[in-house]
Amino acid sequence: MLTLPNLLTLSRIFAVPLLVFFLWWPDWIVGHWLAFALYCVAGITDFFDGMLARASGKVSRLGIFLDPIADKIMVAATILVLVHTGIIPSIHVLAALVILLREIMVSGLREFLAGVQVSVPVSRLAKWKTTFQMVALGALILSGALPSLDFVYWTGIGSLWAAAVLTVLTGWDYLRIGLRHMD
């Protein structure tokens, strides 16, 4: 159970409170730099945990269970603290809310489908959604460290909306598949 890939996944979960702490004060530029570094490290571990597990033949049920949870915890906590601090303001909160609601819906749907032994593979569009989402959150975190560079902030906001649109499309795909297996 305590393989390197699983430890990397667990490290992402344990990093979330520290990430939230660094971001809690919107004017703490050093905190945003630290949060951005931690966010990047978490992204790198997300890439390597799966790759290492497959390469070493150590794919485990624990890893399969924890990896998506670690991703969702990191995304949800980051979105919530960015909304709390006003980095994601006003109408842009809707894009963040769409992303959070889809994550909850897809998690529940995947759990239901697993109970009826139906696997839903991740689509190419869902991978693009994840890419836009990770770029958005990274850029928004970085914008707190570089407040004078408006393009960093607007890259984050634009990517957040792109992720929200893809979130709706991929969420609909998952729901359509799930509805076929419901009574």
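Cut-offs and rules
- Residues numbered from 1 in each chain as written.
- Predicted model: local features only at pLDDT ≥ 70, side-chain atom pairs only at ≥ 80, totals over all residues.
- Heavy atoms only, no water.
- Helix = DSSP H or I, 4+ residues; strand = E, 2+ residues; numbered from the N terminus.
- Buried < 20%, exposed > 50% of the residue type's maximum accessible area, 1.4 Å probe, protein only.
- Contact = heavy atoms within 4.5 Å.
- Lys, Arg positive; Asp, Glu negative; His and termini not counted.
- Charge placed at Lys NZ, Arg CZ, Asp CG, Glu CD.
- Polar contact = N/O pair within 3.5 Å; in protein donor to acceptor, adjacent residues only side chain to side chain.
- Axes fitted to C-alpha atoms, helices over the stretch in contact; angles between N-to-C directions.
- Parallel < 35°, antiparallel > 145°, perpendicular 65-115°, else oblique.
- Nonpolar A, V, L, I, M, F, W, Y, C, P; charged D, E, K, R; others polar.
- Salt bridge = Lys/Arg side-chain N within 4 Å of Asp/Glu carboxyl O.
- Core = buried A, V, L, I, M, F, W, Y, C linked by side-chain atoms within 4.5 Å.

(A) The overall build of the protein chain, seen in detail. Of the regular secondary structure elements, the protein chain holds six helices and zero strands. By its C-alpha atoms, the protein chain is 50 × 35 × 25 Å across when sized along the principal axes. By the burial criterion, 42% of the 183 residues in the protein chain qualify as buried. Taking the contacts inside the protein chain whose residues are at least 6 apart along the sequence as the reference set, 78% of them involve residues at least 24 apart. For the protein chain, the distance from the average site of its 12 positive side-chain charges to the average site of its 10 negative ones is 10 Å.

(B) Here's a closer look at the side chain of R12. Structurally, R12 can be placed in helix α1 (residues 4-23). R12 sits in the buried class, given a relative accessible area of 3%. Separated by 3.3 Å, the side chains of R12 and D46 make a polar contact. Once you skip the residues sitting within four places of it in the chain, R12 turns out to touch A42, T45, D46, D49, D67, A70, D71 and M74.

(C) Spotlight on the packing of α1 against helix α3 (residues 61-84). Relative to each other, α1 and α3 sit at 10 degrees, their axes nearing to 9 Å. In terms of axis orientation, α1 runs roughly parallel to α3. The segment α1 lies against α3, with N6, T9, L10, R12, I13, V16, L19, V20 and L23 engaging L62, G63, L66, D67, A70, D71, I73, M74, A77, T78, V81 and L82. Grouping the amino acids of the contact of α1 with α3 by side-chain chemistry returns 14 nonpolar, four polar and three charged.

(D) The arrangement of the pattern of salt bridges in detail. A full pass over the atoms with the stated rule returns eight salt bridges. The residue R12 makes a salt bridge to D49 at a minimum N-O spacing of 2.6 Å. You can see R12 sitting in helix α1 and its partner D49 sitting in helix α2 (residues 29-56), a full 37 residues away along the chain. For the pair R12 and D49, one class covers both residues: buried.

(E) Structural view of the nonpolar core. Core analysis: the largest hydrophobic core is formed by 30 residues, its most contacted members being L19, L23, I79, L82, I99, L140 and I141. The dominant element in this core, judged by the number of residues it contributes, is α3, at six residues. Apart from residues lying up to four places away in sequence, L82 is in contact with L23, I87, I88, L137, L140 and I141. Core analysis: the second largest hydrophobic core is formed by seven residues, V106, L113, V118 and A126 among them.

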